[in-house]
Amino acid sequence: MTNERHAGKNKRESILKKDQFYLPEGVIYLDGNSLGPMPKAASSRVNKTVEDEWGEMLIKGWNDAGWMKQPSILGDKIGKLLGCAAGSTVLGDTLSVKVYQALAAALAMRPDRKIVLSDSGNFPSDLYIADGLLRTLKSGHELRVVAPEDVYDNITEDVAVVMLTQVDYRTGRMHDMNALTKATHDVGAVSIWDLAHSAGAVPVDMAASNAEFAVGCTYKYLNGGPGAPAFIYIRPDIADSVEPSLAGWLGHAQPFAFDLDYRPAPGIERMRVGTPPILQLAALETALAIWDGVSMDDVRAKSIALSELFIEGVEATCSQLKLISPRDSSQRGSQISFAFEHGYPAMQALIAAGVIGDFRAPDTMRFGFTPLYLDENDVKRAVEILADIMKNDTWKQPRFQKKGDVT
Ligand SMILES: *Cc1c(COP(=O)(O)O)cnc(C)c1O
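Rules used in this analysis
- Along each chain, residue indices are assigned from 1 in the same order as the chain's sequence is written.
- Per-residue local features are limited, in this predicted model, to residues with pLDDT of at least 70; the limit for side-chain atom pairs, both in listing and counting, is 80 or more; totals at the level of whole chains, interfaces and linings are taken over all residues.
- Water and hydrogen atoms play no part in the side-chain values, which are based on all heavy atoms of the structure.
- UniProt positions are given in the numbering used here, feature names are shortened, and annotations may be inferred rather than shown by experiment.
- Helix and strand labels come from DSSP, where a helix needs a run of H or I of at least four residues and a strand needs a run of E of at least two; each type is numbered from the N terminus.
- Only protein chains enter the area calculation, which uses a 1.4 Å probe; residues under 20% of their type maximum are buried, those over 50% are exposed, and those in between are partly exposed.
- For this analysis, residues touch if any pair of their heavy atoms sits within 4.5 Å.
- Residue proximity to a molecule or strand is established when one non-hydrogen atom of the residue lies within 4 Å of it.
- Residues adjacent in sequence count toward polar contacts only when both atoms are side-chain atoms; beyond that, a polar contact is any pair of N or O atoms within 3.5 Å, and within protein one must be able to donate a hydrogen and the other to accept it.
- Each accessible area is a Shrake-Rupley estimate made with a 1.4 Å probe; only the visible protein chains count as cover when residues are assessed.
- Note on residue classes: Ala, Val, Leu, Ile, Met, Phe, Trp, Tyr, Cys and Pro are nonpolar, Asp, Glu, Lys and Arg are charged, and everything else, Gly too, is polar.
- Given a helix with a known number of residues, its expected span is that number minus one, times 1.5 Å.
- Residue ranges for the domains originate in an automatic or database domain assignment.
- By definition, a salt bridge exists where a carboxyl oxygen of Asp or Glu is found within 4 Å of a side-chain nitrogen of Lys or Arg.
- We define the nonpolar core as a collection of buried residues of types Ala, Val, Leu, Ile, Met, Phe, Trp, Tyr and Cys that are connected through side-chain atoms lying within 4.5 Å of one another.
- Each Phe, Tyr or Trp ring (for Trp, its six-membered ring) is paired with any other whose centre lies within 6.5 Å, and the angle between the two planes then decides the class: stacked below 30 degrees, edge-to-face above 60, tilted in between.
- Counting as a charge over the ring demands two things of the Lys NZ or Arg CZ atom: a distance within 6 Å of the ring centre and an angle within 35 degrees of the ring normal.
- Two strands form a pair only when DSSP identifies at least two bridges running between them.
- Under this scheme, a helix contributes an axis fitted over its contacting stretch, all axes are lines through C-alpha atoms, and angles between N-to-C directions fall in the 0 to 180 degree range.

Trainee: Break down the UniProt feature "modified residue: N6-(pyridoxal phosphate)lysine" (unreviewed entry) in the protein chain for me, with residues and values.
Mentor: The residues that UniProt annotates with the feature "modified residue: N6-(pyridoxal phosphate)lysine" (unreviewed entry) are K220. With respect to the element layout, K220 can be found in the loop between β9 (213–216) and β10 (231–234). For K220, a relative accessible area of 8% corresponds to the buried category. Dropping the residues within four chain positions of it, K220 is found in contact with G32, N33, S34, L35, G36, A196 and H197.

Listed below in structure tokens is the structure:
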């Protein structure tokens, strides 16, 4: 019994990898949902890539340092966290570009249908990209955007593609991926999931969902650093028949044959476009190494515990803040949002006091919970600092009113 309890404790402790991240002195970081912190190993790894690989090997690095294979090798590491079969996930470009590729490919699979269904909780870039693509196609397509709670009822026989972000970036509300994918397939439509706020945040099983496409970014909960490349997954049974809209040379079956005609590479490799970002991939490699052996179920359990502690603490001490995330932990991802009319200056005051979250217009104060580098003491301290700011109206100070370019 004692041993079992001891083993259980060790298992829980193993999720906390605080010593592997660099966090500035005095900072409690509750914004890993937007940009994860730097793995301590990142700077020496990037430096090695710059000096020993780029510097010494020059162009030989593509072969000798394995640069060309990095998008697939690291893609598979991410795929493993998301229940994707090996060889079905690849890295490159930004998430906005990956959304474009997935949607164009999905539309080509349903040429007789014209509706793309999404929801108003989606991240604007996904909707802008969809709108731009449909306008370019000039084939009478329509982007139908409904309220998140109305998605299910709007999955009808005329829909070509259902394109959703699983976890709402504002409120943390989480869609039921398996149920919505099933409804999508029941009407003969194609399913695309954006996992930007899911990857590294909640357990995902792409294979079990049976969805055709998934995309996501690697700089949020996966901690790959600013500008880290995005990932795209295609269900293995259809990957060889997907038509790449961005037919770049590195998605060609034989890039170095320099054929004038495009022939897509087998499987997911066809979603590669151009030269991969080697320095970013070097940083991402160190971030993904931290996830080795980490169970997403353990991360989820701890994320819920930390989130509950935060909600309880804030509701007990900050009556001005109103919870806008689902209260039921099974209905949300790994972030908690509160509405407060003066959320912007309040967040600035909080950041000045060392607790970093962020603000989303018009009134949302957003906090991410990331068990790899946050523990109960951090959360309790964050609540104390926030309570102090609210009690003393610290946020009313003029220095907290000025808006930056990035909020
Ligand atoms: C963060 C995020 C993006 C950002 O896209 P980039 O092209 O990487 O800037 C897009 N979509 C969703 C759902 C996001 O959460």
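Picking up after the structure, the text goes on.
Trainee: Please give an account of helix α12 (residues 343–352) that cites residues and values.
Mentor: Most of α12 is tucked away, with seven of its 10 residues classed as buried. Turning to α12, its buried residues number three or more, namely G343, Y344, P345, A346, M347, A349 and L350. In the stretch just after α12, G354 is the one whose phi turns positive, near 95°.

Trainee: Describe in detail the site of the ligand, supporting the description with residues and values.
Mentor: Every residue close to the ligand is listed here: T94, L95, S96, F123, D126, T165, D194, A196, H197, Y219 and K220. Between the ligand and the protein, one listed contact pairs an oxygen atom with a side-chain N or O atom of T94 at 3.3 Å. One of the side-chain N or O atoms of D194 is found 3.4 Å from a nitrogen atom in the ligand. Here the ligand loses 86% of its free accessible area of 390 Å² to cover by the protein chains. Classifying every residue of the shell around the ligand gives four nonpolar, four polar and three charged.

Trainee: Any details on helix α6 (residues 124–137)? Residues and values, ideally.
Mentor: Given 3.6 residues per turn, any residue in an α-helix points the same way as the ones three and four places further on. Taking 1.5 Å as the rise per residue, α6 with 14 residues should run 20 Å; its terminal C-alpha atoms sit 20 Å apart, in good agreement. For α6, every residue scored as buried is listed here: S125, D126, L127, A130, L133 and L134. In the core, the buried residues of α6 are packed alongside α5 (95–109), β5 (115–119), β6 (142–146), β7 (159–165) and β8 (190–194). Taken from the residues just after α6, K138 is the one with a positive phi, measuring 50°.

Trainee: Which residues make up the domain arrangement of the protein chain, and what values do they have?
Mentor: In terms of domain boundaries, the protein chain breaks down into domain 1 (3–30 + 295–400) and domain 2 (46–289). Using only C-alpha atoms to locate each centre, domain 1 and domain 2 end up separated by 29 Å. The interface of domain 1 with domain 2 comprises 23 residues on the first partner and 16 residues on the second. Linking domain 1 to domain 2 there are zero salt bridges. Counting every contact that joins domain 1 to domain 2 gives eight residue pairs in polar contact (both at pLDDT 80 or more). At the level of elements, α11 (296–317), β12 (335–339) and β15 (364–368) are the ones that each hand at least two residues to the side of domain 1 that touches domain 2. In terms of residue count, the dominant contributor to the side of domain 1 that touches domain 2 is α11 (four residues).

Trainee: Hey, could you go over the nonpolar core for me, with residue numbers and the actual values?
Mentor: Core analysis: the biggest nonpolar cluster contains 82 residues, and M206, F310, F367 and L386 have the highest contact counts within it. Looking at this core, the element that brings in the most residues is helix α13 (residues 376–391), giving eight residues. When residues of this core are assigned to domains, at least three map to each of domain 1 (3–30 + 295–400) and domain 2 (46–289). Apart from residues lying up to four places away in sequence, F310 is in contact with L30, I336, F338, F367, F369, V379, V383 and L386.

Trainee: I'd like to hear about the packing of aromatic side chains, residue by residue, with values.
Mentor: Enumeration according to the criterion identifies 11 aromatic pairs in this entry. Geometrically, the ring pair formed by W249 and F258 is stacked, given 6.0 Å between the ring centres and 20° between the ring planes. Look at F258 and you get exposed, because its relative accessible area is 56%. Taken together, the ring pairs in this structure connect F310, F338, F367 and F369 into an aromatic cluster. The ring of F123 carries K220 above its face, with NZ or CZ at 5.4 Å from the centroid. The lysine or arginine in question, K403, covers the ring of Y344, its NZ or CZ lying 4.8 Å from the ring centre.

Trainee: Account for the sheet that holds β6, naming residues and giving values.
Mentor: Ordered by their spatial adjacency, seven strands build an open sheet running β4-β10-β9-β8-β7-β5-β6, and the pairing between neighbours is mixed. For this open sheet the edge positions go to β4 (89–91) and β6, each flanked by a neighbour on one side alone. Averaged over neighbouring strand pairs, the angle between their axes works out to 20° when direction is ignored. Pairing of β8 with β9, which is carried by three bridges, proceeds in the parallel orientation. Within β9, the position partnered with D194 by the bridge is V215. Taken strand by strand, α6 contacts β5, β6, β7 and β8, and its axis lies near 155° from that of β6. This element, helix α7 (residues 177–186), spans β7 and β8 of the sheet and lies at about 155° to β8.

Trainee: How would you summarise the UniProt feature "binding site: pyridoxal 5'-phosphate" (unreviewed entry) in the protein chain if you had to cite specific residues and measurements?
Mentor: Per the UniProt record, "binding site: pyridoxal 5'-phosphate" (unreviewed entry) is found at L95, S96, F123, P124, S125, D126, T165, D194, H197, Y219, W249 and T275. What stands out for the annotated residues spanning 181 residues is how far apart their C-alpha atoms range, the widest pair being 30.2 Å apart. Within the secondary structure layout, S96 lies in helix α5. Of the residues examined, S96 reaches a relative accessible area of 25% and is grouped as partly exposed. Leaving out residues up to four positions away in the same chain, S96 has contacts with S125 and I129. Following the sequence through the fold, D194 ends up in strand β8.

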